[in-house]
Amino acid sequence: MEQRINTEVWKALIRAFLPFKGRDVISILDFTREDLEELFERADYFLEHRRSYRLLEDYVVALAFFEPSTRTRLSFETAAKLLGAKVIGFTSEEGISIAKGESLADTIRMLDAYADIIVIRHRYEGAALFAAEIAESPVINAGDGKQHHPTQAMLDLYTIRKLYGSIDGLVYGVVGDLRYGRAASSFIYGLTLFKPKKVYLISPPLLRARPEVLEVLKERGIPFEEVTKVDEVVEEVDVLYVTRIQKERFPDPLEYERVKGSYRITIELLKRGKEHLRVLHPLPKVDEIEPAVDTSKYAAYFTQARFGVPVRMALLILIAGVEP
Amino acid sequence: MNPQTASLTVSKIRNGTVIDHIPAGKALLVLRILGITGKEGFRTAVLMNVESKKLGKKDIIKIEERELTSDEVNVIALVAPSATINIIREYNVYKKLRVQIPQIIRGFIKCPNPTCITNRGREALKARFKVIKRQPLLLQCVYCGTIISQEDLEKQLVM
């Protein structure tokens, strides 16, 4: 009994001083504003001191990508390698035993035996939480179905902090597929940890944010409004967070053709906005942003993508409980 | 017909459970939640739309030779939060229980989201719901975040 109390006290101390150590990263909502500020400070360090480290040289990081990914996978791999960790893993279900009918649970048990940190992306919502319940090693959710993409939200918020100095007090417009897009949902969840002045949820009625997302906004008292067109609010917003609207989501292709123009971000549209208006996008983008925007002052999405590496480096060392 | 005459129509049970103060019309749902189909062989009385001082109208279920466990009792709360449970032994009330909505509900509700990990057949995993609101009832899938209402839940139970 005495032994157990000591372990509990010990765990509480670790939580207090190293809030990230050994922690699963399933949803951005599991974190506090203070947690994220701590993360951002470490990310600042790695952004300024871009080099190789040996901080995680005894670590194996497993990248279990049951769904294809370029950016997230490569930035995790780069982050892990720059920290000196060994990286193992696979992408998509093809060619590995999952395609032969192995359960996710069994795959995770195997990875848990090999790796110290497991990064997982899966098509099913809740897969990362389920993996975390099975694995002893910390699990990082790199996207579970339409639900969460917490590390994307971390780097999105970090980008805004870099651009504006603060995440609070700004007006946000989140555009696109708010129903099925996990990056958009996670970004909205992430904003609820801060004090945005207002959040506009801009989407066709068919692709409105899911009830559970709206529930969190209401519960946390974030001023928000659902609107249908970008040009209704473009003058008012400081940040436009744009995501892709997929054609496949519409039961009727004609309906898609009718609405798609309302969500295309053009220079013309952005010129109507504030001087400091910036456009973020989790990428990949297809035709939702006019190519001319890419080289304009409005485009912040390439910088945003670049921040993926320092933010993920920061997250990995915090979970491992080591300092640069 | 007053409550006295209603109670006269069904004789007292010797051993078993009486579920009283079920909202009118919900008795069959309660039976379904408990998995009682009639094939188990217990002598069961279902009274529906009986006058009640507390509820106006209510349903009552009497099940002979079956004592409900507290887990079963709490699950009833999802469709009949006003229900009271009397465990009967030798014609007397041995124990009175009030139903209480548990904080987490395991097992018997399926997540309606087809791409929830709990619906991936290969996994040995049962759905788990967190009660986020009691009045009106709102449940949230712990895994995929899907919110279901009382109505969704009852629809699922009827199917």
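Since the model is a prediction, treat every value here as computed from it, not as a measurement. (Residues numbered from 1 in each chain as written. Chains lettered and ligands numbered in written order. Predicted model: local features only at pLDDT ≥ 70, side-chain atom pairs only at ≥ 80, totals over all residues. Heavy atoms only, no water.)

J.: Is there a simple way to explain the pattern of salt bridges in this structure?
T.: Side-chain pairs of opposite charge can arise whenever the charged atoms involved come near each other. Evaluation of the coordinates by the stated rule reveals 30 salt bridges over all chains. Residues A:Asp168 and A:Arg33 are paired through a salt bridge, measuring 2.6 Å at the closest nitrogen-oxygen approach. Residue A:Asp168 is found in the loop between α6 (150–164) and β5 (171–175), and its partner A:Arg33 is found in helix α2 (residues 33–48); the two are separated by 135 residues along the sequence. B:Arg128 is paired through a salt bridge with A:Glu133; the nearest N and O atoms lie 3.1 Å apart. With one member in each of two chains, B:Arg128 in strand β7 (residues 128–134) and A:Glu133 in helix α5 (residues 127–134) form a pair that bridges those chains. What emerges from the salt-bridge pattern is a single network uniting A:Arg33, A:Glu37 and A:Asp168. (Salt bridge = Lys/Arg side-chain N within 4 Å of Asp/Glu carboxyl O. Helix = DSSP H or I, 4+ residues; strand = E, 2+ residues; numbered from the N terminus.)

J.: Just to check I follow, could you spell out the domain arrangement of chain A for this structure?
T.: The parts lose accessible area when they come together, and the size of an interface is often stated as this lost area. Residue and element names in this part refer to chain A. Assigned domains of chain A: these are domain 1 (7–149 + 307–320) and domain 2 (150–306). Computed over C-alpha atoms, the centres of domain 1 and domain 2 are 25 Å apart. Roughly 3000 Å² is buried in total at the junction of domain 1 and domain 2, and carbon and sulfur atoms are behind 65% of that figure. For the pair domain 1 and domain 2, the number of links is 4 salt bridges. At the junction of domain 1 with domain 2, the criterion picks out 18 residue pairs in polar contact (both at pLDDT 80 or more). Ranked by residues supplied to the side of domain 1 that touches domain 2, first place goes to α2 with 9 residues. Here the residues of the side of domain 1 that touches domain 2 are counted per class, giving 17 nonpolar, 9 polar and 10 charged. (Domains from an automatic or database assignment. Buried area = accessible area lost by both parts, 1.4 Å probe. Polar contact = N/O pair within 3.5 Å; in protein donor to acceptor, adjacent residues only side chain to side chain. Nonpolar A, V, L, I, M, F, W, Y, C, P; charged D, E, K, R; others polar.)

J.: Can you help me understand the packing of α2(A) against helix α13 (residues 308–320) of chain A in this one?
T.: Helix packing geometry: the angle between the two helix axes and the distance between the axes. Residue and element names in this part refer to chain A. Closest axis-to-axis distance for the α2/α13 pair is 8 Å, and the angle between their directions is 120°. By the criterion of interaxial angle, the relationship of α2 to α13 is oblique. As for the relative orientation of α2 and α13, their crossing is right-handed in sense. Residues Glu38, Leu39, Arg42, Ala43, Phe46 and Leu47 of α2 form the contact with α13, whose own contacting residues are Pro310, Val311, Met313, Ala314, Leu315, Ile317 and Leu318. Of the residues that constitute the contact of α2 with α13, the class distribution is 11 nonpolar, no polar and 2 charged. (Axes fitted to C-alpha atoms, helices over the stretch in contact; angles between N-to-C directions. Parallel < 35°, antiparallel > 145°, perpendicular 65-115°, else oblique. Left-handed = near helix turned anticlockwise from the far one by under 90°. Contact = heavy atoms within 4.5 Å.)

J.: Got a minute to help me understand a nonpolar patch on the surface in this structure?
T.: Nonpolar side chains collect at one region of the surface, where A:Val9, A:Trp10, A:Leu13, A:Phe17 and A:Leu18 lie side by side and expose about 540 Å² of accessible area between them. Mapped onto the secondary structure, A:Phe17 falls in helix α1 (residues 2–17). (Patch = residues over 30% accessible without salt bridge, like charges linked within 9 Å, V, L, I, M, F, W, Y side chains within 5 Å. Areas by Shrake-Rupley, 256 points an atom, 1.4 Å probe, with all protein chains shown as cover.)

J.: Just checking my understanding: could you explain the confidence of the model for chain B for this structure?
T.: Model confidence for chain B is summarised by a mean pLDDT of 88, while 94% of its residues fall at 70 or above. Of the two predicted TM-score estimates for the complex, the pTM is 0.88 and the ipTM is 0.89. (pLDDT = per-residue confidence, 0-100.)

J.: What am I meant to see in the nonpolar core here?
T.: Residue and element names in this part refer to chain A. In terms of nonpolar packing, the biggest core is built from 66 residues, with Leu36, Leu39, Ile140, Met154, Val174 and Leu201 touching the most fellow members. No other element matches the 10 residues that α13 contributes to this core. Of the domains in this structure, domain 1 (7–149 + 307–320) and domain 2 (150–306) are the two that each give at least three residues to this core. For Ile140, the contacting residues outside a window of four places in its chain are Val25, Phe76, Ile117, Ile118, Val119, Ile120, Thr151, Leu315, Leu316 and Ile319. (Core = buried A, V, L, I, M, F, W, Y, C linked by side-chain atoms within 4.5 Å. Buried < 20%, exposed > 50% of the residue type's maximum accessible area, 1.4 Å probe, protein only.)

J.: Is there a simple way to explain the pairing of strand β1 (residues 60–65) of chain A in this structure?
T.: Looking along a regular strand, one sees the side chains alternate between the two faces of the sheet. Residue and element names in this part refer to chain A. The buried fraction of β1 is high, at 6 of 6 residues. Covered by surrounding structure in β1 are Val60, Ala62 and Ala64 together with Val61, Leu63 and Phe65, the residues of both alternating faces. Where β1 meets strand β2 (residues 86–91), 6 bridges bridge the pair, whose relative direction is parallel. Within the sheet, the bridge partner assigned to Phe65 lies in β2 and is Thr91. In this sheet, strand β3 (residues 117–122) lies alongside β1 in parallel orientation, the contact comprising 5 bridges. For Ala62, the partnering residue across the bridge sits in β3 and is Ile118. (Pairing = 2+ DSSP bridges.)

J.: Teacher, can you tell me more about the pairing of strand β4 (residues 84–89) of chain B here?
T.: Residues and elements named next belong to chain B. Burial runs high along β4: 5 of the 6 residues are buried. Two elements, strand β1 (residues 16–23) and β4, share 5 bridges in a ladder whose sense is antiparallel. Pairing of Val18 across the sheet is with Asn86, part of β4. Pairing of β4 with strand β5 (residues 92–98) involves 6 bridges; the strand directions are antiparallel. Residue pairing in the sheet places Thr84 in a bridge with Arg98 of β5. Counted between consecutive antiparallel strands, the loop separating β4 from β5 contains 2 residues, among which Glu90 sits at a positive phi close to 50°.

J.: I keep staring at the sheet that holds β5(A) and nothing clicks. Help me out?
T.: Picture the strands of a sheet paired through backbone hydrogen bonds; they go either parallel or antiparallel. All names here are of chain A. Spatially, β7-β6-β5-β8-β9 is the arrangement adopted by the 5 strands of the open sheet, whose pairing is parallel. Unpaired on one side and paired on the other, β7 (224–227) and β9 (278–280) mark the two borders of the sheet. Ignoring strand direction, the axes of neighbouring strands in this sheet form an average angle of 20°. Of the strand pairs in this sheet, strand β6 (residues 198–202) and β7 are connected by 4 bridges, and their pairing is parallel. Across the sheet, residue Tyr200 finds its bridge partner in β7, namely Glu225. Running at roughly 165° to β9, α6 makes contact with β5, β8 (239–242) and β9 of the sheet.

J.: What am I meant to see in the layout of surface pockets here?
T.: A probe matching the size of a water molecule, rolled over the atoms, marks out where space remains unfilled. Residues and elements named next belong to chain A. The calculated volume of the largest pocket comes to roughly 910 Å³. Lining the largest pocket are 32 residues, with Arg121, Arg182, Arg244, Gln246 and Pro284 sitting closest to its centre. Ranked by residues supplied to the lining of the largest pocket, first place goes to helix α3 (residues 71–82) with 3 residues. Considering only residue class, the lining of the largest pocket consists of 8 nonpolar, 13 polar and 11 charged. (1 Å grid on protein atoms, 1.4 Å probe; cavity = no way out; pocket = protein on both sides within 12 Å on 5 of 7 lines; lining within 4 Å. Points joined across faces, edges and corners; volume = space filled by probe spheres on them.)

J.: So what exactly am I meant to see when it comes to the environment of A:Lys271 here?
T.: All names here are of chain A. With respect to the helices and strands, Lys271 occurs in helix α10 (residues 267–271). Taking relative accessible area as the criterion, Lys271 reaches 56% and is therefore assigned exposed. C-alpha of Lys271 to C-alpha of Thr72: the two residues are 199 residues apart in sequence and 31 Å apart in space.

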